[in-house]
There are 2 protein chains.
Amino acid sequence: VSLKAALIGTGYIGGSLAAALKRGGAIASSVGCDLRPGRAEAARARGLIDQVSSSAASCVEGAELVILAVPVGALSDLARAIGPALAPGALVIDVGSVKAPSLVAAEHLPEGARMVATHPIAGHEHHGPDAADPELFVGRLCMITPTARSDQESLDRAAALWRATGAEIERIEAAAHDALLAATSHLPHVAAFALAAALGEELARDEEAARRVAGGSLRDGTRVAGSDAQVWRDIFVANRGPLGPLISRLEAQIAALGRAIAAGDGAAIEELLDRARLSRARLIGS
Amino acid sequence: VSLKAALIGTGYIGGSLAAALKRGGAIASSVGCDLRPGRAEAARARGLIDQVSSSAASCVEGAELVILAVPVGALSDLARAIGPALAPGALVIDVGSVKAPSLVAAEHLPEGARMVATHPIAGHEHHGPDAADPELFVGRLCMITPTARSDQESLDRAAALWRATGAEIERIEAAAHDALLAATSHLPHVAAFALAAALGEELARDEEAARRVAGGSLRDGTRVAGSDAQVWRDIFVANRGPLGPLISRLEAQIAALGRAIAAGDGAAIEELLDRARLSRARLIGS
């Protein structure tokens, strides 16, 4: 089956998915639209989509697959806007990094509509259609989450689509997903944004020296601070429940390390560093 | 000139330097010693050094080049221990990530001794002689800092040695070095250690799921948390002056982002994220 698809949001993740599905033969043709000026046109110029549409509602008309690849804060309004225009039997999927908003958005679709929440675990530090990459999902994990508008057939169809991109599939409920991602992705992003902001203040006086000296720790520690601000604003707001206590925990660890350093307490520092090293080895492998 | 060298501390940086100098022809023969059991023997087995010595004082006897590659907190005691045994004309260099302790250590050497403080900006997330790599310094920056025991000839000799490893040289005073490195390296390490420690607590219940889901942000954000705890304990203690205000700044940024997230204040979050992204682009390039 090769589908007629609509892509709403033609940025890095959406553009990469459309390109991957096209190359994998799962999509026959695609129409895209984007609120940010020029993005849909850029996606068409790069061959990620075939046609540009000026509104979300017109974009989904006649589409058998609708991909919502917008910041998660926009999902509910978008579901309301496209609901009446959806073709019978169309499958809607989103690709957001928080799944609670997908559940809410699904409730805004008409009763007969089908929506499956999905989330590919793939780098966010790039953005825009120009960075899109049909190989982005190969070997990556894609989480599949049922909504109130999912039945077994739509879950199977969504899983098959992601497998066509080269991704591996894992099914997970929305709440478990959001708690797990708060720790494994959203908190590391908080740390990277805060570190980059703190260093920006400090090094403003001598950026040239900083650029010359900056080693791997600065580069790696701030890499994801280059991520899209609107996308991450929405992720942080949508997942603030699970994320809040984690941010407090990170603050507490930095404060504890700061106190031990200020006191010159070598034993306390070493204890914390050993614990951190072991944590990392357990979570990632050494 | 091919020198007789003594390597005190046969870990990742010391072992890599000895191997690089040997391969570059700057070292004819080398004796090494290490306080940690088995390390010097492992360094000899890997061909990083030629001979093992059981004490620092016996290690430096007859050496024309003495490399101090130990945690910076050990430098002063080490200088006192080797001072009487140094051969006339011997050049002592250290490789520590904070230069204030090198200045103090130099004062503990006899009047006629020659010591130059040096610091290669090269990854610390590996450790031990087994990870040593003679290519480690190729194209990297090495900071050269004068001490009270440096004259022009010894500064030139130290620079020539580092050039033989493939490093590029930059001269900098100790205080400027320590302030710059506090921001570009030591603070990113604080963030990585704290993040790994916080996640270790949080994810202890479900490490297997975390390992499966962990994306690039977790991996990169905690990479340097795998660094040697004793080395970094000493760096943090020695550089706590410049580092203290930076840790406070990082805490303040995390607290501000945490407050904006808890309040669901999208505009404040986006402002901070935009600022972070611009900072990173200025400090590293996009």
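Predicted model, so just to flag it, every value in this text is computed and none were measured. (Residues numbered from 1 in each chain as written. Chains lettered and ligands numbered in written order. Predicted model: local features only at pLDDT ≥ 70, side-chain atom pairs only at ≥ 80, totals over all residues. Heavy atoms only, no water.)

**Some remarks on the confidence of the model for chain A**
Selection criterion: Known as pLDDT, the predictor's per-residue confidence is scaled from 0 to 100.
Summarising the model, chain A shows a mean pLDDT of 95, and 99% of its residues fall at 70 or more. In the model output, the complex is listed with pTM 0.94 alongside ipTM 0.93.

**Re the sheet that holds strand β3 (residues 51–52) of chain A**
Residues and elements named next belong to chain A. Selection criterion: Strands pair, by our definition, only if DSSP identifies at least two bridges between them. Numbering goes from the N terminus for both helices and strands, where a helix is a DSSP run of H or I of at least four residues and a strand is a run of E of at least two. In what follows, a contact means two residues having at least one pair of non-hydrogen atoms within 4.5 Å. A fitted line through C-alpha atoms serves as each axis, taken over the contacting stretch for helices, and the angle formed by two N-to-C directions is quoted from 0 to 180°.
Pairing in this open sheet of eight strands is mixed, and the strands run β3-β2-β1-β4-β5-β6-β7-β8 from one edge to the other. Edge positions in the sheet fall to β3 and β8 (168–171), since each has one partner strand and no second. The strands that helix α6 (residues 152–164) touches are β1 (3–8), β4 (65–68), β5 (91–94), β6 (114–120), β7 (141–146) and β8; relative to β6, the one it contacts most, it runs at about 35°.

**Observations regarding the nonpolar core**
So the rule is basically this: The definition of a nonpolar core used throughout is a set of buried Ala, Val, Leu, Ile, Met, Phe, Trp, Tyr and Cys residues joined through side-chain atoms within 4.5 Å. A 1.4 Å probe rolled over the protein chains alone gives each residue an accessible area, and that area as a share of the maximum for its type sets the label: buried under 20%, exposed over 50%, partly exposed in between.
Phe236, Leu250 and Leu273 of chain A together with Leu187, Phe236, Leu250 and Leu273 of chain B are the most contacted members of the largest nonpolar core, which has 93 residues in total. Excluding its chain neighbours within four sequence positions, the residues that come into contact with Leu250 of chain A are Leu187 and Ala191 of chain A together with Ala194, Leu195, Ala198 and Ile254 of chain B.

**Some points on the packing of aromatic side chains**
Condition: Any Phe, Tyr or Trp ring, taking Trp's six-membered ring, that has another such ring centre within 6.5 Å forms a pair; planes under 30 degrees apart are called stacked, those over 60 apart edge-to-face, and the others tilted.
Under the definition given, this model contains six aromatic pairs over all chains. Ring centres 5.0 Å apart and planes at 85° place the aromatic pair Phe137 of chain B and Trp162 of chain B in the edge-to-face group. With Phe137 of chain B in the loop between β6 (114–120) and β7 (141–146) and Trp162 of chain B in helix α6 (residues 152–164), this pair connects stretches of sequence that are 25 residues apart. Linked through ring pairs, Phe193, Trp232 and Phe236 of chain A together constitute an aromatic cluster.

**Regarding the environment of Val231 of chain A**
By the element assignment, Val231 of chain A lies in helix α10 (residues 229–238). A C-alpha to C-alpha distance of 4.7 Å links Val231 of chain A and Pro71 of chain A, two positions 160 residues apart in sequence.

**Comments concerning the side chain of Ser185 of chain A**
One can find Ser185 of chain A in helix α7 (residues 174–203). Setting aside residues no more than four positions away along its own chain, Ser185 of chain A makes contact with Trp232 of chain A together with Ser217 of chain B.

**So, helix α4 (residues 75–82) of chain B**
Residue and element names in this part refer to chain B. To keep it simple, the criterion reads: Directions drawn from the helix axis to the C-beta atoms are what define this arc.
Along α4, the positions that sit buried rather than exposed are Leu75, Ser76, Leu78, Ala79 and Ile82. Buried residues of α4, viewed axially, fall in a sector of 160°; they line one side. Against the buried residues of α4 lie β1 (3–8), α3 (56–60), β4 (65–68), β5 (91–94) and α5 (100–107).

**Details of the pairing of strand β8 (residues 168–171) of chain B**
All names here are of chain B. In plain terms, the rule: The handedness of a crossover follows from its direction of travel: if, with the strands pointing away from the viewer, the path from the first strand over the helix to the second runs clockwise, the crossover is right-handed.
Relative to β8, β7 is paired through four bridges, and the arrangement is parallel. What sits directly across from Leu141, in β8, is Glu168. In this fold, β7 hands off to α6, which returns the chain to β8; that crossover is right-handed.

**Side note on the packing of helix α12 (residues 266–284) of chain A against helix α7 (residues 174–203) of chain B**
Basically, it comes down to this: An angle below 35 degrees is treated as roughly parallel, one above 145 as roughly antiparallel, one from 65 to 115 as roughly perpendicular, and anything else as oblique. By convention, the crossing between two helices is left-handed when the near helix turns anticlockwise from the far helix through less than a right angle, and right-handed when the turn is clockwise.
Running from N to C, α12 of chain A and α7 of chain B point in directions that differ by 60°, and their axes come no closer than 8 Å. With respect to each other, α12 of chain A and α7 of chain B are oriented oblique. Remark: the crossing between α12 of chain A and α7 of chain B carries left-handed chirality. Residue-level inspection shows Leu272, Leu273, Arg275, Ala276, Ser279, Arg280, Arg282 and Leu283 of chain A of α12 of chain A in contact with α7 of chain B, the latter providing Phe193, Ala196, Ala197, Leu199, Gly200, Glu201 and Leu203 of chain B.

**Digging into the relation of the copies chain A and chain B**
The condition is simple: To line up the copies, we fit them by least squares on C-alpha atoms, keeping just the residues with pLDDT of at least 70 in both.
With an RMSD of 0.0 Å, the fit of chain A onto chain B corresponds to turning through 180° and sliding 0.0 Å along the axis. The two molecules are tied by a two-fold rotation axis, judged by turn and shift. When the interface residues of chain A are mapped onto chain B, 100% of them again fall at the interface, so both copies present the same face.

**Focus on the sheet that holds β1 of chain B**
All names here are of chain B. The strand order across the open sheet formed by eight strands is β3-β2-β1-β4-β5-β6-β7-β8, and the pairing between neighbours is mixed. Pairing within the sheet leaves two strands with one partner each, and these edge strands are β3 (51–52) and β8. Bridge analysis of strand β2 (residues 27–33) against β3 gives two bridges, and the strand direction is parallel. In the sheet register, Gly32 faces β3, and the bridge partner there is Val52. Lying over the sheet, α6 contacts β1, β4, β5, β6, β7 and β8, oriented at roughly 35° with respect to β6.

**Quick notes on the interface of chain A and chain B**
Selection criterion: The term buried area refers to how much accessible surface (probe radius 1.4 Å) is lost by two components on association, counted for both of them together. For this analysis, a salt bridge means a side-chain nitrogen from Lys or Arg found within 4 Å of a carboxyl oxygen belonging to Asp or Glu. In protein, a polar contact means a hydrogen-donor-capable atom and an acceptor-capable atom, both N or O and within 3.5 Å, with residues adjacent in sequence counting only if both atoms are side-chain atoms; elsewhere, any N or O pair within 3.5 Å suffices. Gly is placed with the polar residues, together with every amino acid not listed as nonpolar (Ala, Val, Leu, Ile, Met, Phe, Trp, Tyr, Cys and Pro) or charged (Asp, Glu, Lys and Arg).
Contacts between the two partners involve 81 residues from chain A and, on the opposite side, 81 residues from chain B. Carbon and sulfur atoms supply 70% of the area that chain A and chain B bury against each other, a total of about 7,600 Å² over both sides. Among the residues of chain A in contact with chain B, Val213, Ile254 and Leu283 of chain A are the three that bury the most area, contributing 9% of the side total. For Glu201 of chain B, the salt bridge identified is with Arg249 of chain A, shortest N-O distance 3.5 Å. Our enumeration of links across chain A and chain B arrives at 22 residue pairs in polar contact (both at pLDDT 80 or more). Elements represented by at least two residues in the side of chain A that touches chain B include exactly β7, α7, α8 (207–213), α9 (216–221), α10, α11 (240–262) and α12 of chain A. Looking at which element gives the most residues to the side of chain A that touches chain B, the answer is α7 of chain A, with 21 residues. In the side of chain A that touches chain B, the residues fall into 44 nonpolar, 18 polar and 19 charged.

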